[in-house]
Amino acid sequence: MQLDKRTRLIAFWCILAILLFARLYQFGMVPGDINQDEAFAGYNAYTLFHNGRDSFGYGMPVYLTAWGSGMNALESYLAIPFIALFGPHTWSLRLVPLILSILSLVTIYKLIHDFMKNDIFALFAMLFTGIMPWHIMLSRWALESNLAPAFLLFGCYFFLKGLEKEKYYIFAAVCYGLSLYSYATIWVVVPFIILAEVIYFILKNKIKFTKYTISAGIILILISLPAVLFLLVNMGYMDEFRSGILSIPKLVGFRGGEISFSNLSENLNNLFKIILNQNDGLIWNTTNEFGLIYKYSLPFSIVGLGAIIAPVVLKNMTISTTDADKKDGEKRISLSYFLLVHLFAGLVVGALISVNVNRVNILWLPLILLTAYGIYFVFYNIKWIRDRLVWLPLAVYLFSFVRFEIYYFTDYKNEINQHFCEGIEDALTFVKEDLADEQSVYIAPGLNYARVLYLTEQDLDEYLNTVEYTNYPSAFLDVRSFGRYSFDLNTESEPDNTSVYVVDDSFNGSYLVSRLYENGYNNYTSGRYTVFYRN
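The present account deals with the structure reproduced in this document. Just so you know, these numbers come straight off a predicted model, no measurement behind them.

A closer look at the overall build of the protein chain
- What the protein chain contains, in helices and strands, is 22 helices and seven strands.
- Scaling as 2.2 N^0.38, a compact globule of 535 residues should have a C-alpha radius of gyration of about 24 Å, and the protein chain matches this with 25 Å.
- Dimensions along the principal axes, computed over C-alpha positions, put the protein chain at roughly 80 × 55 × 45 Å.
- When burial is assessed residue by residue, the protein chain has 57% of its 535 residues classed as buried.
- Taking the intrachain contacts of the protein chain between residues at least 6 apart in sequence as the baseline, contacts between residues at least 24 apart amount to 72%.
- Seen as two clouds, the 39 positive and the 46 negative side-chain charges of the protein chain have centres 15 Å apart.

If you want it as structure tokens, here you go:
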């Protein structure tokens, strides 16, 4: 159903304003302060900008060594401009997922508007996706693997736009190529996604060998080639490669064995438990009360799945209730086919690895869109329901959204603070800017070294020259010390008279804290953290 342009634009901007508010309110403060994965991505962005090297000394690596077993690099590269402009803060690092989440919502609107010719459903799908707990939570913290859903969505959109103008295939190639550097686990399915889409369009005589399709293929190969070389290096087929403009690192520990056909049954059982329960038990991914897409939504997901399978299988059906010519009908079927391909790819990932919500993050956008269409199919396509209850799903989901927002900024905020180190940025900024550089600093063990690296703007060369590991070599390296920072502090430590101590609230009442007070130490408290120091 089409709306007049003025009504559509007013509705679009009103919806976008609501979704922006949900993502911008207390941005950088909720959730918590900073997660250790965020911090390491941020530190690598910082060193890449200032030194042209990552935290292991590789010049412009295709994949970050980070913990030892690696970290996806795209988040760090995309964060460089923001860290260069604003400095290494929690909020500056989180601008990347924030921007991508907003672009994703606009892309969803454009997908439905351009390929279903249905303004009401396009606006509803955008709003529906934007108020889902999963999408709100994903957009507010910078877990590097959570960039994958956005880039696969962009690739899908531009590939479909190639139906109209072939130049868009080039943009699709760029987005699909970059998706490989957002999350290594999807390497196993991205080729399948692209192949399935190419074959579909070849069969429909929509892809021909032109300057645009050939250029898109070459660009995709060039962007993908470093990822292929990375696999060859880490599987032992070639030596690592270092240069100032591109490095292919050999990881300390390679986790290629995590993707396997050996545990299909167990993995699928775990995946479907997560889908049914909408919870993986990890507070940074889901909440027990609200789930991923609100817990009453699954029946509509099933309806939506059936409603889009039928047009693809039967081919003579259309998705919209409006009359459309053959060309528009083909575009709607193409969109349905692409959605099914991306849904299937997410299920394949869930079958090949032991998943939690973020490990199978490419599944949730297709599932959300299926659910949105299931609701639309029931409440708008069935005349009796449309005439009497068309307002009901909007009211119910908006009510749930308001409840989730209230919970997110109250109870959830307090719960996540325990995991995301509330107050640590302020505490470490105090150490960095207000205390003498020559003082040794002892750090409580719950504060991962990646946070200290990022928030203190640790000099890369000093770090590389002084770092001591407790468990090298290992897939997950633990640091004993670097520079002036030591991480072997415990509650029974005896303080000296010259060092700085950064402890969390678990140290309250401990022997160490008691002795610090007895020795006349000053203290500076921020959130859960206290800095003990001498002037």
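Here we look at the side chain of aspartate 119
- You can see aspartate 119 is positioned in helix H6 (residues 119-130).
- Residue aspartate 119 is classed as buried on the basis of its relative accessible area of 0%.
- At 2.8 Å, the side chain of aspartate 119 forms a polar contact with the backbone nitrogen of leucine 3.

Some points on helix H22 (residues 511-518)
- Three or more residues of H22 are buried, namely Leu512, Val513 and Leu516. All buried residues of H22 fall inside an arc of 95° around its axis, so they share one side.
- The inward-facing, buried residues of H22 contact strand E5 (500-504) and strand E7 (529-533).
- Of the residues one or two after H22, glycine 520 is the one with positive phi, at around 80°.

Structural notes on the sheet that holds strand E4 (residues 485-486)
- Pairing within the open sheet is mixed, and its seven strands lie in the order E2-E3-E4-E1-E5-E7-E6. In the strand order of this sheet, the two ends are held by strand E2 (468-469) and strand E6 (522-526), each with one partner.
- Pairing between strand E1 (residues 441-443) and E5: three bridges, direction parallel. If you follow tyrosine 442 over to E5, its bridge partner there is tyrosine 501.
- Along the sheet, helix H19 (residues 424-434) makes contact with E1, E4, E5, E6 and E7, crossing E7 at roughly 15°.
- Relative to the sheet, H22 contacts E5, E6 and E7, its axis offset from that of E5 by approximately 135°.

Here's the deal with the pattern of salt bridges
- Overall, the coordinates contain 14 salt bridges when judged by the stated rule.
- Arginine 528 is paired through a salt bridge with aspartate 505; the nearest N and O atoms lie 3.2 Å apart. You can see arginine 528 sitting in the loop between E6 and E7 and its partner aspartate 505 sitting in the loop between E5 and H22, a full 23 residues away along the chain.
- The exposure class of aspartate 505 is partly exposed, given its relative accessible area of 33%.
- In this structure, a network of salt bridges that share partners links the residues Lys110, Asp114, Lys161 and Glu164.

Focus on helix H17 (residues 392-408)
- Given a rise of 1.5 Å per residue, 17 residues ought to cover 24 Å, and the 24 Å separating the end C-alpha atoms of H17 matches this to within 8%.
- Within H17, burial applies to Pro393, Tyr397, Ser400, Phe401, Phe404, Glu405, Tyr407 and Tyr408. The buried residues of H17 occupy an angular sector of 160° when projected down its axis, which confines them to one face. Looking at H17, the residues exposed on the side facing more than 90 degrees away from the buried face are Phe399 and Ile406.

Considerations on the pairing of E5
- Counting buried residues in E5 gives five out of five residues, a clear majority hidden from the surface.
- Relative to E7, E5 runs antiparallel, the two being bridged by four bridges. Bridging from a neighbouring strand, valine 503 pairs with threonine 530 of E7.

Some thoughts on the nonpolar core
- Of all hydrophobic cores here, the largest spans 176 residues; its most connected members are Trp364, Ile424, Tyr449 and Phe482.
- Here this core gets 13 residues from one element, more than from any other, and that element is helix H15 (residues 364-381).

Points about the packing of helix H5 (residues 95-116) against helix H8 (residues 148-161)
- The interhelical angle for the contact between H5 and H8, taken along N-to-C directions, is 30°, at an axis separation of 10 Å. In terms of orientation, H5 lies roughly parallel with respect to H8. The interaxial crossing formed by H5 with H8 has left-handed handedness. Facing Leu100, Leu103, Ser104, Thr107, Ile108, Lys110, Leu111, Asp114 and Phe115 of H5, the residues of H8 in contact are Ala150, Phe151, Leu153, Phe154, Tyr157, Leu160 and Lys161.
- In terms of residue class, the contact of H5 with H8 is built from eleven nonpolar, two polar and three charged.

Concerning the environment of leucine 3
- Within the fold, leucine 3 resides in the segment before helix H1 (5-24).
- If near-sequence neighbours (up to four positions away) are discounted, leucine 3 is found in contact with Arg8, Asp119, Ile120 and Leu123.

Each value, and the rule that gives it
Residues numbered from 1 in each chain as written. Predicted model: local features only at pLDDT ≥ 70, side-chain atom pairs only at ≥ 80, totals over all residues. Heavy atoms only, no water. Helix = DSSP H or I, 4+ residues; strand = E, 2+ residues; numbered from the N terminus. Rg over C-alpha atoms; globule rule 2.2 N^0.38 Å. Buried < 20%, exposed > 50% of the residue type's maximum accessible area, 1.4 Å probe, protein only. Contact = heavy atoms within 4.5 Å. Lys, Arg positive; Asp, Glu negative; His and termini not counted. Charge placed at Lys NZ, Arg CZ, Asp CG, Glu CD. Polar contact = N/O pair within 3.5 Å; in protein donor to acceptor, adjacent residues only side chain to side chain. Arc of directions from axis to C-beta. Pairing = 2+ DSSP bridges. Axes fitted to C-alpha atoms, helices over the stretch in contact; angles between N-to-C directions. Salt bridge = Lys/Arg side-chain N within 4 Å of Asp/Glu carboxyl O. Expected span 1.5 Å × (residues − 1). Core = buried A, V, L, I, M, F, W, Y, C linked by side-chain atoms within 4.5 Å. Parallel < 35°, antiparallel > 145°, perpendicular 65-115°, else oblique. Left-handed = near helix turned anticlockwise from the far one by under 90°. Nonpolar A, V, L, I, M, F, W, Y, C, P; charged D, E, K, R; others polar.

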